[in-house]
Amino acid sequence: MTAHSEISFYLDENLSPEIAVQLQLRGIKIIRGPLGIADREHFARAHELDWVLCTEDSDFCRLHSAGMQHAGIIKGENGRHDIGDWVKFLLLVHATCSADEMRNKLIYLFSPD
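The sections below set out a description of the structure shown in this document. (Residues numbered from 1 in each chain as written. Predicted model: local features only at pLDDT ≥ 70, side-chain atom pairs only at ≥ 80, totals over all residues. Heavy atoms only, no water.)

1. Brief notes about the nonpolar core
Move 1: Counting residues in each nonpolar core, the largest one holds 19 residues, and the members touching the most others are Phe9, Ile19, Ile74 and Leu90.
Move 2: Secondary structure elements with two or more residues in this core: β1 (9-11), α1 (17-25), β3 (52-55) and α4 (83-96).
Move 3: Broken down by element, this core gets its largest block of residues, 5 residues, from α4.
Move 4: Those residues in contact with Ile74, other than ones at most four positions away along the chain, are Phe9, Val52, Leu53, Cys54, Thr55, Trp86, Phe89, Leu90, Val93, Met102 and Ile107.
Move 5: Core analysis: the second largest hydrophobic core is formed by 11 residues, Tyr10, Phe43, Phe60 and Ile73 among them. (Core = buried A, V, L, I, M, F, W, Y, C linked by side-chain atoms within 4.5 Å. Buried < 20%, exposed > 50% of the residue type's maximum accessible area, 1.4 Å probe, protein only. Helix = DSSP H or I, 4+ residues; strand = E, 2+ residues; numbered from the N terminus. Contact = heavy atoms within 4.5 Å.)

2. Observations regarding the sheet that holds strand β5 (residues 106-108)
Sheet strands pair by backbone hydrogen bonding; their relative direction is either parallel or antiparallel.
Move 1: Pairing is parallel across the open sheet formed by 5 strands, whose spatial order is β2-β1-β3-β4-β5. Strands at the two margins of the open sheet, each flanked by one partner only, are β2 (30-32) and β5. The mean angle between the axes of side-by-side strands here comes to 25 degrees, regardless of whether they run parallel or antiparallel.
Move 2: Of the strand pairs in this sheet, β1 and β3 are connected by 3 bridges, and their pairing is parallel. (Pairing = 2+ DSSP bridges. Axes fitted to C-alpha atoms, helices over the stretch in contact; angles between N-to-C directions.)

3. Regarding the pattern of salt bridges
Move 1: Counted by the stated rule, this structure contains 3 salt bridges.
Move 2: Residue Arg62 pairs with Asp59 through a salt bridge whose shortest N-O separation is 2.2 Å. Here Arg62 pairs with Asp59, and both are found in helix α3 (residues 59-65), just 3 residues apart, close to one helical turn.
Move 3: Judged by its relative accessible area of 52%, Arg62 falls in the exposed class.
Move 4: Residue class for Asp59 comes out partly exposed when judged on its relative accessible area of 29%.
Move 5: As a salt-bridge pair, Asp100 and Arg103 come within 3.3 Å of each other at their nearest N and O atoms.
Move 6: Judged by its relative accessible area of 30%, Arg103 falls in the partly exposed class.
Move 7: A network of salt bridges, in which partner residues are shared, links Asp50, Asp100 and Arg103. (Salt bridge = Lys/Arg side-chain N within 4 Å of Asp/Glu carboxyl O.)

4. As for the environment of Leu35
Move 1: Inspection of the secondary structure puts Leu35 in the loop between β2 and α2 (39-49).
Move 2: Leu35 sits 21 residues away from Asn14 along the chain, and the two C-alpha atoms are 8.6 Å apart.

5. Points about the pairing of β3
Move 1: On β3, burial covers both faces: Val52 and Cys54 on one face and Leu53 and Thr55 on the other are all buried.
Move 2: Two elements, β3 and strand β4 (residues 73-75), share 3 bridges in a ladder whose sense is parallel. The residue of β4 that forms the bridge with Cys54 is Ile74.
Move 3: The β-α-β motif built from β3, the intervening α3 and the parallel element β4 has right-handed crossover chirality. (Right-handed = clockwise from strand over helix to strand, strands pointing away.)

6. Let's talk about α4
Move 1: Spanning 14 residues, α4 covers 20 Å between terminal C-alpha atoms, matching the ideal 20 Å at 1.5 Å per step.
Move 2: Of all the positions in α4, only Asp85, Trp86, Val87, Phe89, Leu90, Val93 and His94 are classed as buried.
Move 3: Sitting at the head of α4, Asp82 places a side-chain oxygen 3.1 Å from the backbone nitrogen of Gly84. (Expected span 1.5 Å × (residues − 1). Polar contact = N/O pair within 3.5 Å; in protein donor to acceptor, adjacent residues only side chain to side chain.)

What follows is the structure, encoded as C-alpha cells:
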C-alpha cells in the first residue's frame, strides 16, 4: 500500500485568518495568502506550493474551467459560510482526500442547511 500525500491548504485573502488558526491547532498545514495581490497571483502561488486553494471568489472557478493546472480548489459561497463551516469542511477533506486526489479538482463547500 502506498502512502498518500497529505493535503495542505492555502486561503485567499478574503477568508478569515481564524480558519487558519483553527486548522493549525489541529496540526494541519495551512497558510493565508498575502493581502493585496491579484487572484491570478494567489492561484499561481497555491499551484507553486502544491497546496489546495480555498476561496469564496468565482474568478478561481473560471481559471479552473479554462483548464489551468492547480493543486485543487475548494469554493465557498460569499457570505454564506462561517468560520465553523470552513473548519469542519476542510477537516473532512483533509481526512478523506489525498493531495493527489485533489489535483485539478474543484469542490464546493456545503452546509447542512
